[in-house]
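Coordinate analysis (summary)
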Amino acid sequence: LTDKSGKKFKLQPPSGDKLPAKGFDPGVDTYQAPPKDGSKVKVDVDVKSNRLQLLEPFAKWDGKDLVDMQVLIKIKGKCTTDHISAAGPWLKYRGHLDNISNNMFIGAINDENGQANNIKNQVTGEYGKVPDVARYYKANKINWVAVGDENYGEGSSREHAALEPRHLGGRAIIVKSFARIHETNLKKQGMLPLRFANPSDYDKIKPCDKVSLVGLSGLAPEKPVECHIKHKDGSVDKIELLHTLNQGQIEWFKAGSALNRMREVLYGK
């Protein structure tokens, strides 16, 4: 290079130690090993907290068919994990399952009326917000299913999109097709992710219908699930539903969740 006085010069390449000459600072060892027996360890969370809540295990499958489940919502078109569990201000409740569940399906479009977060309570006949109707069904011990379109659960792999339906009384999600990661998340929470063997069967289910899954005692990998759709006039359509559950994942369903199954394996209960 030439400087301002016309003198030639060369830049010298930078140099440095590839490794610290005096070695690395070992730091302070702050690791604390967990107790060998953690049964007496208690995690204290303020029951008045709006942002933190201790989780309770989901109930185990009782070994019976899921009969006359209510259709909570029949979703039209795209349904991402953000439609199922909205982000934004809701993320402050990620540590409080019951509070964050108040955003469940609020972005999904109801096939019945083309609206978001406005569905009919099939017991009272009144329209309300999706989480409110789901809570009503749960309080009255009414199992419910959600029905969806293609690639249900696409987008970010947020766990709450599977946790919330399970928490509010959902037992199965029936769709034309799933996004792969969300399908697995549903399995981990003890939900049944099921696909229409014939996608046009989506049109057979109406919001006022009752859905039964029969023969669940014989649930097995690659074996279709028999579904009965009971209409308001008393007629019944029988269709087949497909799934991708392997034997281990079927044990998750029976135990109530993957975490429940881990506890069974470790402690026998």
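For the structure, check the block above.
For clarity, every value in this text was computed on a predicted model and none was experimentally measured.

**Digging into the pairing of strand β1 (residues 66–74)**
The side chains of a regular strand alternate between the sheet's two faces. When you tally the buried positions in β1, you get 7 out of 9 residues, the bulk of the element. With 3 bridges joining them, β1 and strand β7 (residues 210–214) adopt antiparallel strand pairing. Bridge pairing links Leu 66 to Leu 213 in β7. Looking at chain direction, β1 and strand β4 (residues 144–147) are connected through 4 bridges and run parallel. Across the sheet, the residue bridging to Val 71 is Val 145, located in β4.

**Let's talk about the sheet that holds strand β6 (residues 192–196)**
Around the barrel, 7 strands lie side by side as β1-β4-β5-β6-β9-β8-β7; this closed barrel has mixed pairing. Pairs of neighbouring strands in the sheet enclose a mean axial angle of 40 degrees, with direction left out of account. Alignment of β7 against strand β8 (residues 225–230), held across 5 bridges, turns out to be antiparallel. Within the sheet, the bridge partner assigned to Lys 210 lies in β8 and is Lys 230.

Rules and cut-offs
Residues numbered from 1 in each chain as written. Predicted model: local features only at pLDDT ≥ 70, side-chain atom pairs only at ≥ 80, totals over all residues. Heavy atoms only, no water. Buried < 20%, exposed > 50% of the residue type's maximum accessible area, 1.4 Å probe, protein only. Helix = DSSP H or I, 4+ residues; strand = E, 2+ residues; numbered from the N terminus. Pairing = 2+ DSSP bridges. Axes fitted to C-alpha atoms, helices over the stretch in contact; angles between N-to-C directions.

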